[in-house]
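Summary of structural features
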Amino acid sequence: MHKIWLIIQREYLTRVRKKSFIIMTLLTPLLLAAFMILPGLLITMSGDEETVMVLDESGLFTGKLENKEGMKFVPLAGSLEQAKEVYQETDNTALLYIPKISIDDPQGITLYGKKNTSLQTQVRLENILEKEIENQRFIASGLDRETLDKIEANIKLSTINLSDEGEKDNNAIITSAAGVVAAVIIYFFIFLYGVQIMRGVIEEKTSRIVEVIISSVKPFQLMMGKIIGIAAVGLTQFLLWIVLSFVAVTAVSAAFGVDAAPSPMEHYEAGKIAAEGGSTDAEAAAEKNELANTIQDVKQSFENLPLLLILGCFLFYFLGGYLLYGSLFGAIGAAVDNETDTQQFMMPITIPLVISFIMSYSVVLKNPDGAVAFWMSIIPFTSPIVMMVRVPFGVPAWELALSMGLLVLGFIFTTWIAARIYRVGILMYGKKINYKELSKWLFYRV
């Protein structure tokens, strides 16, 4: 055990002292902060009000075009040529020309600009004009917009979880997001640091350093020390990213005086307002109040999640999945002489990971209690990802215990296989290895 601890220290300190580790650890939170702050900063910088001059020969829109958030209307009189001359002398955004049209066939409306008009401006104006034409058609048919709005139904289901602790609000989007985020982190962690194990073994083997190390420690001790040491590096980097990202986002936000990027719900509301051509002060207040209620519901749903259970399962499957696959990556590194030869052995290892990642989106999220979700969350090669997607939805204790137990057994089994391959392959050079040869290594006496 002492020798394994020394190898863990060596692997850990060697990697955390590398310039690439330090640079990526510091650079990633800054990039994340920029990604979160930049959209808000750009929105602030591009938040100028647009002014549209309107020449309405039809009279249908006289007094109807109210100033919206971010858009102001300036009525004009006279001919089209006169309106163009007046517009050319200003810095206004565009000139909207409405010829004599009927509400039954509103064709011929033209938007003039000094340069190519932005798509957002065009869409907003189209929606504003369409809405006003619809209002006049309702009036002509004996109806009005208020009556229609009262007729329309808007249903929003409140979802309640009947648990042993009582009734709790839940949100399918938040529940799904919690599981998917955890699964994605585990997926990329296994690939990123599993490949580091493989490359480290290949590097030591080709440089013949391993021959010196093997003279002092057993192959199994070397392999386990390398796997655990690199796992510690990954956990260190992951924790530093969380802390530094929070600090970076807070610092950059305070420095530029802008908030982080809007949440998905805020993006949705903003897009809806823009598509409808803005809103009046009363409508904007109602929309903000609705958005605030929605955000409060989301926060409440997040707080009602079994956060301690999710965190505990994440740590277990995070480490369990890495240790299971890390031992196999180490065995591949010991079996080959260069990274090019790893491709034939990488495919069988990566297929279960890729399948579990794809099935999590296509099947597990749709039916987290189905047969496919159950079996994939039990099988050790797919459980680290699939079970993490299922946990926020609620998993029976016996399923969770069975999955964890089989994952531990799976790690012991893959470690045994990897150790048998590692002890032979680590000192073998210049021989092309295939699966038949690897199967023989499992029963060699060394």
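For every chain, the first residue of the written sequence is number 1, and numbering continues from 1 along that sequence. Residue-level local features of this predicted model are given only where pLDDT is at least 70; pairs of side-chain atoms are given and counted only at 80 or more, and the full residue set underlies all totals for whole chains, interfaces and linings. In computing side-chain values, all of the structure's heavy atoms are included and hydrogens and water are not.

1. Overview of the overall build of the protein chain
Within the protein chain one finds 16 helices and six strands. Per-residue burial over the protein chain gives 40% buried out of 446 residues. A contact between two residues is defined here by any heavy atoms of the two lying within 4.5 Å. Partitioning the intrachain contacts of the protein chain with sequence separation of at least 6 by distance along the chain shows that 71% fall at a separation of at least 24. Numbering of helices and strands runs from the N terminus; a helix is a DSSP stretch of H or I covering at least four residues, while a strand is a stretch of E covering at least two. Relative accessibility thresholds used throughout: buried, under 20% of the residue-type maximum; exposed, over 50%; partly exposed, between the two (1.4 Å probe, protein chains only).

2. Regarding empty space enclosed by the protein
Here a cavity means grid points, on a 1 Å grid over the protein atoms only, where a 1.4 Å probe fits yet cannot get out; a pocket means an open set of points with protein on both sides within 12 Å along at least five of seven lines; lining residues are those with an atom within 4 Å of a point. Grid points are joined across faces, edges and corners, and a volume is the space filled by probe spheres set on the points. One pass over the full model with this rule turns up one cavity of 30 Å³ or more. Reported here for the largest cavity is a volume of approximately 30 Å³. V180, A183, V184, F357, S360, Y361, I385 and V389 together form the lining of the largest cavity. Residue assignment for the lining of the largest cavity shows that the elements contributing at least two residues are helix 6 (172-206), helix 12 (343-364) and helix 14 (383-390). The residue makeup of the lining of the largest cavity, split by class, is seven nonpolar, one polar and no charged. Residue polarity follows a fixed list, in which Ala, Val, Leu, Ile, Met, Phe, Trp, Tyr, Cys and Pro are nonpolar, Asp, Glu, Lys and Arg are charged, and the others, Gly among them, are polar.

3. So, helix 4 (residues 119-140)
With 22 residues, helix 4 should reach 32 Å at 1.5 Å per residue; the first-to-last C-alpha distance of 31 Å fits that figure. Within the span of helix 4, buried status applies to T121, R124, L125, I128, L129, E132, I133, N135, Q136 and F138. Two residues or fewer past helix 4, G142 is found with a positive phi of approximately 90 degrees. Take the number of residues in a helix, subtract one, and multiply by 1.5 Å to get its expected span.

4. Comments concerning the pattern of salt bridges
One speaks of a salt bridge when a side-chain nitrogen belonging to Lys or Arg is within 4 Å of a carboxyl oxygen belonging to Asp or Glu. On inspection of all chains with the given rule, the structure shows six salt bridges. With a shortest N-O distance of 2.4 Å, R15 and E11 are connected by a salt bridge. Here R15 and its partner E11 are both found in helix 1 (residues 2-16), four residues apart, which amounts to about one turn of the helix. The pair R15 / E11 is uniform in exposure class, with both members buried.

5. Observations concerning the environment of S356
Structurally, S356 is set in helix 12. According to the relative accessible area criterion, S356 is buried, its value standing at 0%. Put simply, S356 and M387 are 31 residues apart on the chain and 9.8 Å apart in space, counted from C-alpha to C-alpha. With near-sequence residues (within four places) excluded, S356 lies in contact with M376, T382, I385 and V386.

6. Section: the packing of aromatic side chains
Side-chain rings of Phe, Tyr and Trp, where Trp is taken by its six-membered ring, are said to pair if the distance between their centres is within 6.5 Å; with planes under 30 degrees apart they count as stacked, over 60 as edge-to-face, and otherwise as tilted. Across all of its chains, the model carries 13 aromatic pairs by this definition. Seen in terms of ring centroids, Y187 and F191 are 5.1 Å apart; in terms of plane orientation they differ by 70 degrees. Their pairing is edge-to-face. Linking Y187 with F191, this pair stays in helix 6, spanning four residues, or about one helical turn. You'll find Y187 and F191 in the same group, each marked buried. Here a set of aromatic residues connected by ring pairs shows up, and it is made of F189, Y193, F238, F314, F318 and Y322.

7. Some words on the sheet that holds strand 4 (residues 110-112)
Two strands in a sheet stick together by hydrogen bonds in their backbones, pointing the same way (parallel) or opposite ways (antiparallel). A strand pair is defined by DSSP finding two or more bridges across the two strands. Taken in spatial order, the four strands make up an open sheet running 2-1-3-4, and their pairing is mixed. For this open sheet the edge positions go to strand 2 (71-76) and strand 4, each flanked by a neighbour on one side alone. Recorded for the sheet is a direction-independent mean angle of 25 degrees between the axes of neighbouring strands. Alignment of strand 1 (residues 50-56) against strand 2, held across six bridges, turns out to be parallel. For every element, the axis is a line fit to its C-alpha atoms; helices are fit only across the contacting stretch, and the angle between N-to-C directions ranges from 0 to 180 degrees.

8. Overview of the packing of helix 11 (residues 307-335) against helix 14
Across the interface, helix 11 lies against helix 14 with an axial gap of 9 Å and an inter-helix angle of 170 degrees. Comparing their axes, helix 14 and helix 11 come out roughly antiparallel. Residues I310, C313, F314, Y317 and G321 of helix 11 pack against S383, P384, M387 and M388 of helix 14. Split into classes, the residues belonging to the contact of helix 11 with helix 14 amount to seven nonpolar, two polar and no charged. These descriptions rest on fixed angle ranges, namely under 35 degrees for roughly parallel, over 145 for roughly antiparallel, 65 to 115 for roughly perpendicular, and the rest for oblique.

9. As for the nonpolar core
Only buried residues count toward a nonpolar core. Its members are Ala, Val, Leu, Ile, Met, Phe, Trp, Tyr and Cys residues joined through side-chain atoms within 4.5 Å. Counting residues in each nonpolar core, the largest one holds 71 residues, and the members touching the most others are L222, Y317, Y322, M388 and I421. Per element, the largest residue contribution to this core is 15 residues, and it comes from helix 11. If we ignore the near neighbours within four places in the chain, the residues touching Y317 are I186, Y322, S383, P384, M387, M388, L400, S403, M404 and L407. By size, the runner-up hydrophobic cluster in this structure holds 15 residues, among which are I103, I128, L129 and I133.

10. Brief notes about the side chain of S360
Tracing the backbone through its elements, the reader meets S360 in helix 12. Classification of S360 as buried rests on a relative accessible area of 3%. Any N or O atom pair separated by 3.5 Å or less is treated as a polar contact, with the protein-specific requirement of one donor-capable and one acceptor-capable atom, and with residues adjacent in sequence counted only for side-chain atom pairs. For S360, the side chain forms a polar contact with the main-chain oxygen of S356, separated by 2.6 Å. The contacts of S360, once residues within four sequence positions are left out, are L365, I385, V386 and V389.

11. Some details on the packing of helix 11 against helix 12
Packing of helix 11 against helix 12 leaves a shortest axis separation of 10 Å and a crossing angle of 165 degrees. Put simply, helix 11 runs roughly antiparallel to helix 12. In the packing of helix 11 onto helix 12, the handedness of the crossing is left-handed. On helix 12, the residues touching Y325, L328, F329 and I332 of helix 11 are F345, M346, I349, P352 and L353. Class assignment of the residues belonging to the contact of helix 11 with helix 12 gives a composition of nine nonpolar, no polar and no charged. Crossings are classed by handedness, with left-handed meaning an anticlockwise turn of the near helix from the far one by less than a right angle and right-handed meaning a clockwise turn.

12. Comments concerning a nonpolar patch on the surface
Among the surface-exposed residues, I23, M24, L27, L30 and L31 lie close enough to one another that they form a single nonpolar patch of about 460 Å² accessible area. Secondary-structure assignment places L30 in helix 2 (residues 19-45). Patches here: salt-bridge-free residues with over 30% relative accessible area, like charges joined within 9 Å, nonpolar side chains (Val, Leu, Ile, Met, Phe, Trp, Tyr) joined within 5 Å. Each accessible area is a Shrake-Rupley result for a 1.4 Å probe, and residues are judged covered by the shown protein chains and nothing else.

13. Quick look at the environment of G59
Structurally, G59 can be placed in the loop between strand 1 and strand 2. Between the C-alpha atom of G59 and that of K100, which follows or precedes it by 41 residues, the distance is 7.8 Å.

14. Some points on the pairing of strand 1
Buried residues dominate strand 1, accounting for seven of its seven residues. Here strand 1 shows no split at all, with E50, V52, V54 and D56 on one side and T51, M53 and L55 on the other all buried. Two elements, strand 1 and strand 3 (residues 94-98), share five bridges in a ladder whose sense is parallel. Bridging across to strand 3, V52 finds its partner in A94.

So yeah, pure geometry; function would need other evidence.
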